[in-house]
Amino acid sequence: MIKKYKISQLMQESGVNFGTSGARGLVSAMTDRVCFAYTVGFLEYLKTQDEFFPGKKVAIAGDLRPSTKRIKHACKKAIEYCGGEAIDVGEVPTPTLCYYSYAKGYPSLMVTGSHIPDDRNGIKFNRSHGEFLKPDEAGMRQCDVDLDEDLFDNAGMLLDVAEEENIVDISKEYISRYVDFFGEKSLEGIKLGVYEHSAVGRDIVTAIVKKLGAEVVSLGRSETFIPVDTEAVREEDISLAKKWSSTLGLDAILTTDGDSDRPLLADENGEWIRGDVLGILASLYVNAKGVATPISCNTALELTENFLEVQRTKIGSPYVVEAMNELTEKGVSPVVGYEANGGFLLNSTFTQGDKSMKPLPTRDALLPMLCALMSVKKDVKTNTLSEVIATLPERYTLSDRIQNIPRDQSLKILEPLMQDSGYKKAEKIFECLDSNVRNINCIDGVRINFDTDDIIHLRPSGNAPELRIYVESNSIDGVDRLLETTFSIVKSWV
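A few points on the structure. (Residues numbered from 1 in each chain as written. Predicted model: local features only at pLDDT ≥ 70, side-chain atom pairs only at ≥ 80, totals over all residues. Heavy atoms only, no water.)

### So, the overall build of the protein
When helices and strands are tallied, the protein shows 16 helices and 25 strands. The globule rule puts the C-alpha radius of gyration for 494 residues at 23 Å, and the 22 Å found for the protein is close to it. Its C-alpha atoms give the protein principal-axis dimensions of about 65 × 60 × 45 Å. Within the span of the protein, comprising 494 residues, buried residues form 59% of the whole. Carbon and sulfur atoms make up 47% of the accessible area of the protein, which totals about 19,800 Å². Placing the 56 positive and 75 negative side-chain charges of the protein at their respective mean positions leaves the two points 1 Å apart. (Helix = DSSP H or I, 4+ residues; strand = E, 2+ residues; numbered from the N terminus. Rg over C-alpha atoms; globule rule 2.2 N^0.38 Å. Buried < 20%, exposed > 50% of the residue type's maximum accessible area, 1.4 Å probe, protein only. Areas by Shrake-Rupley, 256 points an atom, 1.4 Å probe, with all protein chains shown as cover. Lys, Arg positive; Asp, Glu negative; His and termini not counted. Charge placed at Lys NZ, Arg CZ, Asp CG, Glu CD.)

### Some points on the packing of aromatic side chains
Taken as a whole and assessed by the stated rule, the structure comprises 15 aromatic pairs. Look at Phe181 and Phe182: their rings are 5.0 Å apart centre to centre, the planes differ by 90°, and that puts the pair in the edge-to-face class. Here the two residues Phe181 and Phe182 agree in accessibility, since each one is buried. Considering the side-chain rings of Phe181 and Phe350, the 4.8 Å spacing of their centres and the 45° angle between planes classify their relative orientation as tilted. Of this pair, Phe181 sits in helix α6 (residues 171-182) while Phe350 sits in strand β18 (residues 350-352); the two residues are 169 residues apart in sequence, bridging distant segments of the chain. Accessibility assignment for this pair places Phe181 and Phe350 in one class, buried. Through successive ring pairs, a cluster of aromatic residues spans Phe18, Phe42, Tyr45, Phe125 and Phe132. (Phe/Tyr/Trp six-rings, centres within 6.5 Å; stacked < 30°, edge-to-face > 60°.)

### A look at the packing of helix α4 (residues 94-104) against α6
Between α4 and α6, whose axes approach to 9 Å, the crossing angle comes to 95°. The angle between α4 and α6 falls in the class roughly perpendicular. Touching Pro95, Thr96 and Tyr99 of α4 are Ser171, Glu173, Tyr174 and Arg177, all from α6. By residue class, the composition of the contact of α4 with α6 is three nonpolar, two polar and two charged. (Axes fitted to C-alpha atoms, helices over the stretch in contact; angles between N-to-C directions. Parallel < 35°, antiparallel > 145°, perpendicular 65-115°, else oblique. Contact = heavy atoms within 4.5 Å. Nonpolar A, V, L, I, M, F, W, Y, C, P; charged D, E, K, R; others polar.)

### Quick notes on the pairing of strand β16 (residues 335-338)
Burial of β16 is two-sided: the residues Val335 and Gly337 facing one way and the residues Val336 and Tyr338 facing the other way are all buried. Relative to β16, strand β14 (residues 290-294) runs parallel, the two sharing three bridges. Following the sheet pairing, Val291 is matched in β16 by Val336. Sheet topology note: the β16/strand β17 (residues 344-346) ladder contains three bridges and is antiparallel. Paired with Val336 across the bridge in β17 is Leu346. (Pairing = 2+ DSSP bridges.)

### Some remarks on the pairing of strand β22 (residues 437-441)
Note that β22 and strand β23 (residues 446-450) share four bridges and pair antiparallel. Each bridged residue has a counterpart across the sheet, and for Asn441 the counterpart in β23 is Arg447. Counting the residues in the hairpin turn of β22 and β23 gives four residues, including Gly445, whose phi is positive at 80°.

### Brief notes about the sheet that holds β22
Reading across from one edge, β21-β25-β24-β23-β22 is the order of the five strands in this open sheet, with antiparallel pairing throughout. Edge positions in the sheet fall to β21 (396-403) and β22, since each has one partner strand and no second. Strand after strand, the sheet turns through a mean of 15° between neighbouring axes, direction not considered. Sheet analysis places β21 next to strand β25 (residues 466-473), joined by eight bridges and oriented antiparallel. Paired with Leu398 across the strands is Val471, a residue of β25. Packing of helix α15 (residues 422-429) onto the sheet brings it into contact with β22 and β23, and relative to β22 it is tilted by some 120°.

### What to know about the nonpolar core
Counting 56 residues, the largest nonpolar core has Tyr178, Phe182 and Leu187 as its most contacted members. Sorting elements by how many residues they give to this core places helix α12 (residues 366-378) first, with nine residues. (Core = buried A, V, L, I, M, F, W, Y, C linked by side-chain atoms within 4.5 Å.)

### Considerations on α4
Within α4, eight of the 11 residues are buried, leaving the element largely enclosed by the surrounding structure. Burial in α4 covers these residues: Thr94, Pro95, Thr96, Leu97, Cys98, Tyr100, Ser101 and Tyr102. Just past α4, the residue Gly105 takes up positive phi, approximately 75°.

Shown next as structure tokens:
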């Protein structure tokens, strides 16, 4: 029996909706029928863009969380249902999938919940040569799909059993991207720890830094999924990094989130480096002229005065990609983008001497970490990562989150601050800071700038039921106090 569904209606009914990057939801809500339908809707939309037709190859990969294999199977069956050929590239990082699929001109899907706990999962969609942007998501929402209901049981699960996988190995090309560019002895003399946990790219990260000549120590490998969030680092990971650095004599520790498109790098003292600070270091290393980055990122970027144009955006890689494209169309080059989570996007060819690295306009975890490590060797005045970071203007950022708050509740909490009377409300709420509100920016949530140069930014997460808190100040002690105060105040609202 064939039944017609509209994707927007399915999203509303299932609760599996688009976030800042891809569709996300509870695993219990991501039935085979829902994932199958979303994949069909994705391909139906691509038909209108002349990017999909019967016989077209579609690449698919996934992370290491328990539900990923089942969801991948549903997506592969949907590709075949639409007349396409599914190319399963296995368990690889999102940027590895994109590097392969963009080069081949294949649409692709990444089954991943990124950094969120494994009771949730998601699907990231990619067009043939770039990310699925917000206008694409709007187009997909309006698609009607015809599903054969006889394929599913009453619980919405496929009746057939997953077949043995035929995996195409694409890791060699991605590894060569970095080894060929930086050179096999470029990290010689450096001792690195790789915090493997359950990141899908753990073996690829290790392979790359070893081939670059570093001495590598594998740390914390886990067969149970660990939700490492590069914007809200867990207390246990903070303790582990300091312990590993002090006992093992490491120059740095590298890790990523679940699908390995967001980096987390610790210096020689085991201090995790903020993603937006890492983004500045990488932008400087590649000598970028144009930078696109979300409004939440550290303002030391502008204070370096090294960039021709800086474009601030809403949070989410699709917005960063759109801004990068605008800068490129204006003739600015090279153009890069990065997010507070550390994900780095290269929109132009990066050239150094006689070596060139092709663009990869999607979040990448490897390049920013490698740029930071290479900066230590490049600058004769610095010998450690902490010394490289100390060369940047003094602006400090911290973030946290209040979990288990539905998005609607977060928006209701923030609504009074987004009105014309928001200035007075903000000054009353944060009167303990003894400062005046300079301005309020509502491009994404509520970002309050004070005359002391302190910044408080509150926004609902696009990927999980969380209220995100970002703060920025001129000193380490100041930013610590600001986060503690802000968290306490916001928590009292819930």
